[in-house]
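Each chain, letter by letter, is given below.
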Amino acid sequence: MKASLSRQSFIAGLALAGLSLSAGSVLAQGAAKIGQPAPAFQAVDADGKTRNLSEFAGKTVILEWTNADCPYVRKHYNSATMQTLQKDMAKEGIVWLSVVSSPVGEQGYVDGTAAKELTTKRDAAPAAVLLDPNSKVARAYGATTTPHMYIVDPKGTLAYMGAIDDKPSSNPASLNGAKSYVRQAVAELKAGKPVSEAATKSYGCAVKYAPLS
């Protein structure tokens, strides 16, 4: 009987631990839905300027959740894949916003100075780096991984959300032959077509959420 109770307690403990581990995922369930207005947000950028989604009305906006210490993010930056994508999108008149949602003390956290230094060091080209240490923007969109990509069309509608490409690996070799969901979605929007793969499963490191206050 004692052995049975002990086993039940162990299983219950595992279940409780699992619930605790998944808490970040639960908190990450945002209101972002394909075909619906993209959640409004307000966040301070690396220069200390308050930015709002509404200021980019009439433009396509790409949101990239990032964490410089994540191996999946490093794969895309060390190969210059992410920077090339940022620069190509800028040529198309698209606004690229990199979002850092790691709170103080968690992997990937940066302040404005560190964010600007990192951008220069990596030769990155976002229109702005948004600092989201309270995870408010992340919660609004339901961002779960780094990277996690979102595309907002000129009408303010969420047109794409999910992975950057179809190779869910941190191995740089996986970039060979990878299909860029972001490039595909942008090309289809530019052609006036519906995005054929509007929602995909993102991959990468878990977004580190700040506790709810």
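Residues numbered from 1 in each chain as written. Predicted model: local features only at pLDDT ≥ 70, side-chain atom pairs only at ≥ 80, totals over all residues. Heavy atoms only, no water.

Visitor: I would appreciate a short explanation of the overall build of the protein in the present structure.
Guide: Helix and strand counts for the protein stand at 7 helices and 9 strands. Expressed as a percentage of its 213 residues, the buried residues of the protein come to 44%. Accessible area of the protein: about 11,000 Å², with a carbon and sulfur share of 55%. (Helix = DSSP H or I, 4+ residues; strand = E, 2+ residues; numbered from the N terminus. Buried < 20%, exposed > 50% of the residue type's maximum accessible area, 1.4 Å probe, protein only. Areas by Shrake-Rupley, 256 points an atom, 1.4 Å probe, with all protein chains shown as cover.)

Visitor: What should I look at first to understand the state of the cysteines in this one?
Guide: Two cysteines, two sulfur atoms, one covalent bond between them: this is a disulfide. Taken as a whole, this structure holds 1 disulfide when the rule is applied. Between C70 and C205 runs a disulfide, and the two sulfur atoms are separated by 2.2 Å. Residues C70 and C205 are joined through a disulfide that is right-handed, its torsion about the S-S bond being 90°. Taken together, the residues span a long stretch of sequence, with C70 in the loop between β3 (61–65) and α3 (71–78) and C205 in strand β9 (residues 205–206) at a distance of 135 residues. Take C70: its relative accessible area is 0%, and that puts it in the buried class. (Disulfide = S-S within 2.5 Å.)

Visitor: I would appreciate a short explanation of the pairing of strand β8 (residues 158–162) in the present structure.
Guide: Residues in a regular strand project their side chains so that they alternate between the two faces of the sheet. With 5 of 5 residues buried, β8 is to be regarded as a mostly interior element. Note that strand β7 (residues 148–152) and β8 share 4 bridges and pair antiparallel. The residue bridging V152 from the neighbouring strand is L158, located in β8. Connecting the antiparallel pair β7 and β8 is a turn made up of 5 residues, with G156 showing a positive phi of about 85°. (Pairing = 2+ DSSP bridges.)

Visitor: What is the right way to look at the environment of E117 in this model?
Guide: Position of E117 relative to the elements: it lies in helix α5 (residues 112–122). A relative accessible area of 53% means that E117 is categorised as exposed. Sequence spacing of E117 and A46 is 71 residues, and the spatial spacing of their C-alpha atoms is 9.9 Å.

Visitor: What's the story with the sheet that holds strand β5 (residues 128–131) in this structure? I'm lost.
Guide: To summarise the sheet geometry, strands pair through backbone hydrogen bonds and adopt either a parallel or an antiparallel arrangement. Spatially, the 7 strands line up as an open sheet ordered β2-β1-β5-β4-β3-β7-β8, and their pairing is mixed. Either end of the sheet is taken by a strand with one partner, and the two such strands are β2 (50–52) and β8. Neighbouring strand axes in the sheet, compared pairwise and without regard to direction, differ in orientation by 30° on average. Across the sheet, helix α4 (residues 81–91) lies against β3 and β4 (95–100), angled at about 140° from β4, the strand it touches most. (Axes fitted to C-alpha atoms, helices over the stretch in contact; angles between N-to-C directions. Contact = heavy atoms within 4.5 Å.)

Visitor: Any chance you could explain the confidence of the model for the protein here in plain terms?
Guide: In low-pLDDT regions, the fine details of the predicted coordinates are not to be read closely. When pLDDT is averaged across the protein, the result is 89; 86% of the residues are at 70 or more. Counting interchain partners and residues more than four positions distant, the pLDDT-below-50 stretch residues 1–29 has 12 contacts. (pLDDT = per-residue confidence, 0-100.)

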